[in-house]
Amino acid sequence: MPNNLALGKEQLWSRRQLIKLGLGGTGLAGAAALWQMANFQSKAIVKVPPTEIAASEGVTQPMKMLRNFDYGTLKHENGRTIREFSLTAGTSVIELNSAVSYNIWDLNGHIPGPTLRVKQGERVRILFLNKAGHSHSLHFHGVHSSDMDGIRPVSNGSATIYEFDAEPYGVHLYHCHIEPVTRHIAKGLYGMFIIDPPKPRPPADEIVLVMAGYDVNDDSRNEYYAFNGLPHHYMHHPIRIYKDQLIRLYVLNIIEYDPAVTFHLHANFFDVYRSGMTMTPSEKTDVITMGVAERHILEFSFRYPGKYMFHPHQDAIAENGCMGVFEVINS
């Protein structure tokens, strides 16, 4: 694969047409869904409460993002299976509250970007198109060669391809790596990248929570904070989970300008799988400290129905948007 191949417009449209026609590799119809069913076959016993997704969520889709994993498209090329994803950087305006709007850079029209999910050892291909008005890139955490590291700028209107083998298994992330990196991440160019282990984890209701901040007046300090893009959303719209069912949280801290935050769960304790790179928990606690870009798998279940808060234990961060509620219901 060429070194971060920057495609010209004619080449780009040619490539996109090939993808649309299914000629850029033999597409496997429904392969992502089939792989998900096969890889997590035992999870048929997991019950997930119905979730109401507001049509007005727009760029920020907190309720949809909770359990929405992008498995890409499977293709066969030269005798090898490739899992392919398409990510486009763009610009959007989001409403942080009834009085504050904020200009962001988005990925596929959303903030955070899609939660990409693959299996360890799979060949991964990322088609990245930049339509966001500035030079951007995508840097994936994990193991890969230097020419796939995503530190070279992709100019506005251009595209590039990142391709590598998915390793090691764990909870990783991807983000723009163009200077000033802090600003490019804080403005929205980030997402979670999950590499599943060869042997699936036990059945669980799996939920994604990404903590981020918003510096709306460019003073290098955050005025608002959020889980999955929108301040206070899970306070007004609690996350419904079933009593006595294992919950697996994929938690990422991508709050720039604050050196570290904590994650705290009320009235319970969780098992910690640090960076998701182990099948055995390292500890049990109800609060964990996370630096910028740190991420973990946290597992727990609730034995009593009711509403239980979760939030960073830094009160100013929680009170300014990074706070939510689990609503535990009987199955």
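Remember, predicted model here, so these are calculated numbers, not experimental data. (Residues numbered from 1 in each chain as written. Predicted model: local features only at pLDDT ≥ 70, side-chain atom pairs only at ≥ 80, totals over all residues. Heavy atoms only, no water.)

Engineer: Explain the nonpolar core to me, and be specific about the residues and the numbers.
Structural biologist: Membership of the largest hydrophobic core comes to 30 residues, with the highest contact counts inside it found for L209, L249 and F263. Not counting residues within four places of it along the chain, the set of residues in contact with L249 comprises I207, L209, F263, H296, I297, L298, F300 and F326. Of all hydrophobic cores here, the second largest spans 28 residues; its members include V100, Y102, I111 and I254. (Core = buried A, V, L, I, M, F, W, Y, C linked by side-chain atoms within 4.5 Å. Buried < 20%, exposed > 50% of the residue type's maximum accessible area, 1.4 Å probe, protein only. Contact = heavy atoms within 4.5 Å.)

Engineer: A description of the packing of aromatic side chains should follow, citing residues and the corresponding values.
Structural biologist: Per the counting criterion, the structure on display carries 15 aromatic pairs. Where F300 meets F302, the ring centres are 5.7 Å apart and the plane angle is 85°; that geometry is what we call edge-to-face. Residue F300 is classed as buried on the basis of its relative accessible area of 4%. Counting every residue linked through ring pairs, the aromatic cluster contains F227, F263, F270, F300, F302, Y308, F310 and F326. One residue, R117, lies across the ring of F69, its end atom 4.6 Å from the ring centre. Above the ring of Y102, the side-chain terminus of K187 is found at 4.7 Å from the ring centroid. (Phe/Tyr/Trp six-rings, centres within 6.5 Å; stacked < 30°, edge-to-face > 60°. Lys NZ or Arg CZ within 6 Å of the ring centre and 35° of its normal.)

Engineer: A description of the side chain of H172 should follow, citing residues and the corresponding values.
Structural biologist: Tracing the backbone through its elements, the reader meets H172 in strand β9 (residues 170–175). There is a polar contact of 3.2 Å between the side chain of H172 and the side chain of R295. In contact with H172, not counting residues within four places along its chain, are H141, M192, F193, I195, M277 and R295. (Helix = DSSP H or I, 4+ residues; strand = E, 2+ residues; numbered from the N terminus. Polar contact = N/O pair within 3.5 Å; in protein donor to acceptor, adjacent residues only side chain to side chain.)

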